[in-house]
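# Examination of the molecular architecture
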Amino acid sequence: MTSFVVEADGGSRGNPGPAGYGAVVKDASDGQVLVEIAEAIGTQTNNVAEYRGLIAGLRLLLDLAGDGAAVEVRMDSKLVIEQMAGRWKIKNEGLRPLALEAAALARRLKVTTWQWIPREKNKDADRLANEAMDAAAKGRPWRLGASGTGLSDSSGSRDSSSSGSPVAGARGTGHSNVRDAGGSSPRSATSGSATGLGAPAEDLLLFDPDDLQQGEKPSPAPTASGTGWRAPTTVATSLLLLRHGETPLSVERRFSGLGDPELTPNGIAQAEAAAARLSRKPYNLQVIVSSPLRRARVTAEIVAARAGLEVIVEEGLRETDFGDWEGYTFTEIQRRWPDELAAWLADPSAAPPGGESFGVVAQRVEATRDLLTERYEGKTVLVVSHVTPIKMLLRLALLAPLAALYRMHLDLAALSQIEYYADGPAVVKAFNDTSHLR
């Protein structure tokens, strides 16, 4: 299988100051640059620019090779590499959304290594980042195509100082290591000797000074915070996925999205059966989270009463908004909205009239998954939700396409399980288990 290398870099002149990033995708077998990107991003900090470079590089590889591609990620930012590997916590909340976005992209790939490299070995991405910073300092966009500066003038043509020519989307090696207005790298000046790894002493600290908020002290040691893309560990973050119990709409097989029906007596019995099972070994529930909708929340509260836990409501776990189809049966929808139903069944990006598509739900559920696995790292979490969000979590764990939703069946009060390991993979341990209902 073809494997790749992503090298990324970013920086600013002033921190914050005119900022830019660069990223390249290389063939791992011979180091050939396959595709590259850079962007001037206005006034930002070094760390924001570094993360933006990583995100751009991962997107570039996904566009080139698709999901599941094997990749080694290399950067000269100790901060980004260590945070993505899970060895450092994210102390700067302003970086957390960028880290989560990068992690979501990384999970679509097979990241074999998060590797710190010295700046001189990251010269391709470094050159692109400097070109982008040049562009940002002059208020101009960076444009691909020249091996010297990537500036363009207001008419969109190359800056006359550019040299070289583009070759099949690949670019040559760079020349500039200047990162700030004084002509030195913003974090290259260090005291003390270099280590055997070739890293400056400052880069081997257990924190990055730029990531500390004012008055904040560094952690005494690195701590993993596994969300599925992190450093190897045997401790999993386990999500037990429980569909809510029966409602009047489910009895009549009606579309039930944001409507808020109560559980039937049978639905309550189903929830109690699930609660009895989950109160025994090997389940050791530590957290219970639920959709805000009544049918899920009541199911969760029945389990929580046995487990001695509180229910935490999570908006992202709600069911799909079925819009105008709410409360109708499939046959009724087929008669009233035949064309819209056909489009919805054929394309996950199509939405019911007045509702939301599965594509939109996917984004919401993926963000919620990231939040849960980050917040409850290493814990066993019961997630009480609905058909679509649970199927979506399973689909994401299996790296399956959106259309896989149409190939899954999930019973009322069924239990599924996904374990997220810090070395990358998510493992589906159970699916649609209803043995507690027999």
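Residues numbered from 1 in each chain as written. Predicted model: local features only at pLDDT ≥ 70, side-chain atom pairs only at ≥ 80, totals over all residues. Heavy atoms only, no water.

The protein chain goes by Phosphoglycerate mutase in an unreviewed UniProt entry, where it is assigned to Streptosporangium lutulentum.

## Quick word on the sheet that holds strand β9 (residues 380-385)
Pairing is mixed in the open sheet, where six strands are placed in the order β8-β7-β9-β6-β10-β11. Looking along the sheet, the strands with just one partner apiece sit at the ends: β8 (311-313) and β11 (426-433). Strand-to-strand twist of the sheet, defined as the mean angle between neighbouring strand axes without regard to direction, takes the value 20 degrees. Inspection of the sheet shows strand β7 (residues 287-290) paired to β9 by four bridges, in the parallel sense. Its bridge partner being in β9, V287 is matched across the sheet by V381. Sitting on the sheet, helix α6 (residues 265-278) is in contact with β6 (237-243), β9, β10 (415-420) and β11, with an inclination near 155 degrees to β6. (Pairing = 2+ DSSP bridges. Helix = DSSP H or I, 4+ residues; strand = E, 2+ residues; numbered from the N terminus. Axes fitted to C-alpha atoms, helices over the stretch in contact; angles between N-to-C directions. Contact = heavy atoms within 4.5 Å.)

## Structural notes on the sheet that holds strand β1 (residues 3-12)
Strand order in the open sheet made by the five strands is β3-β2-β1-β4-β5, with mixed pairing throughout. At either end of the open sheet lies a strand with only one pairing partner, and these are β3 (33-44) and β5 (110-116). Here the strands of the sheet are splayed against their neighbours by 15 degrees on average, with no regard to which way each runs.

## Brief notes about the packing of helix α10 (residues 358-375) against helix α11 (residues 387-397)
At a minimum axis separation of 9 Å, α10 and α11 run at an interaxial angle of 70 degrees. On the basis of the axis angle, α10 is roughly perpendicular to α11. Of the residues in α11, those in contact with F358, V361, A362, V365, E366 and R369 of α10 are T388, P389, M392, L393, R395 and L396. Residues that form the contact of α10 with α11 fall into these classes: eight nonpolar, one polar and three charged. (Parallel < 35°, antiparallel > 145°, perpendicular 65-115°, else oblique. Nonpolar A, V, L, I, M, F, W, Y, C, P; charged D, E, K, R; others polar.)

## Observations concerning the nonpolar core
With 35 residues, the main nonpolar core has L54 and W114 as its most contacted residues. Examining the composition of this core, we find that eight residues originate from one element, helix α1 (residues 46-65), more than from any other. Contact partners of L54, with chain neighbours within four places excluded, come to A8, V73, M75, V80, M84, A102 and W114. By size, the runner-up hydrophobic cluster in this structure holds 33 residues, among which are V365, L372, M408 and I418. (Core = buried A, V, L, I, M, F, W, Y, C linked by side-chain atoms within 4.5 Å. Buried < 20%, exposed > 50% of the residue type's maximum accessible area, 1.4 Å probe, protein only.)

## Focus: the packing of α1 against helix α2 (residues 78-85)
Axis separation between α1 and α2 bottoms out at 9 Å; the angle between their running directions is 60 degrees. Considering the angle they form, α1 stands oblique to α2. At the point where α1 passes α2, the crossing takes the right-handed sense. For the pair formed by α1 and α2, the contact residues are N47, E50, Y51 and L54 on the first element and L79, V80, Q83 and M84 on the second. (Left-handed = near helix turned anticlockwise from the far one by under 90°.)

## Describing the environment of T368
For T368, the position within the fold is in helix α10. Judged by relative accessible area, which is 8%, T368 ranks as buried. In sequence terms T368 and E315 are 53 residues apart; their C-alpha atoms lie 8.6 Å from each other. Excluding residues that lie within four positions of it along the chain, T368 makes contacts with E314, G316 and L317. Looking at T368, its side chain comes within polar contact range of the main-chain oxygen of R364, at 2.9 Å. (Polar contact = N/O pair within 3.5 Å; in protein donor to acceptor, adjacent residues only side chain to side chain.)

## Focus on a nonpolar patch on the surface
On the surface, F330, L345 and Y406 cluster together into a nonpolar patch covering about 240 Å² of accessible area. For Y406, the position within the fold is in the loop between α11 and β10. Of the residues examined, Y406 reaches a relative accessible area of 31% and is grouped as partly exposed. (Patch = residues over 30% accessible without salt bridge, like charges linked within 9 Å, V, L, I, M, F, W, Y side chains within 5 Å. Areas by Shrake-Rupley, 256 points an atom, 1.4 Å probe, with all protein chains shown as cover. Salt bridge = Lys/Arg side-chain N within 4 Å of Asp/Glu carboxyl O.)

## What about the side chain of D124?
You can see D124 is positioned in helix α4 (residues 123-137). In this structure D124 comes out as buried when scored by relative accessible area, which is 6%.

## Thoughts on unusual backbone geometry
Look at the link from N15 to P16: it is a cis peptide, with omega at 5 degrees. Structurally, P16 can be placed in the loop between β1 and β2 (17-27). In this model, K281 is joined to P282 through a cis peptide bond whose omega is 10 degrees. Looking at the element boundaries, P282 is found in the loop between α6 and β7. Even without glycine at this site, L399 takes up a positive phi of about 55 degrees. Along the chain, the position of L399 falls in the loop between α11 and β10. In this structure, A413 is a non-glycine residue whose phi angle is positive, near 60 degrees. Structurally, A413 can be placed in the loop between α11 and β10. Residue class for A413 comes out buried when judged on its relative accessible area of 2%.

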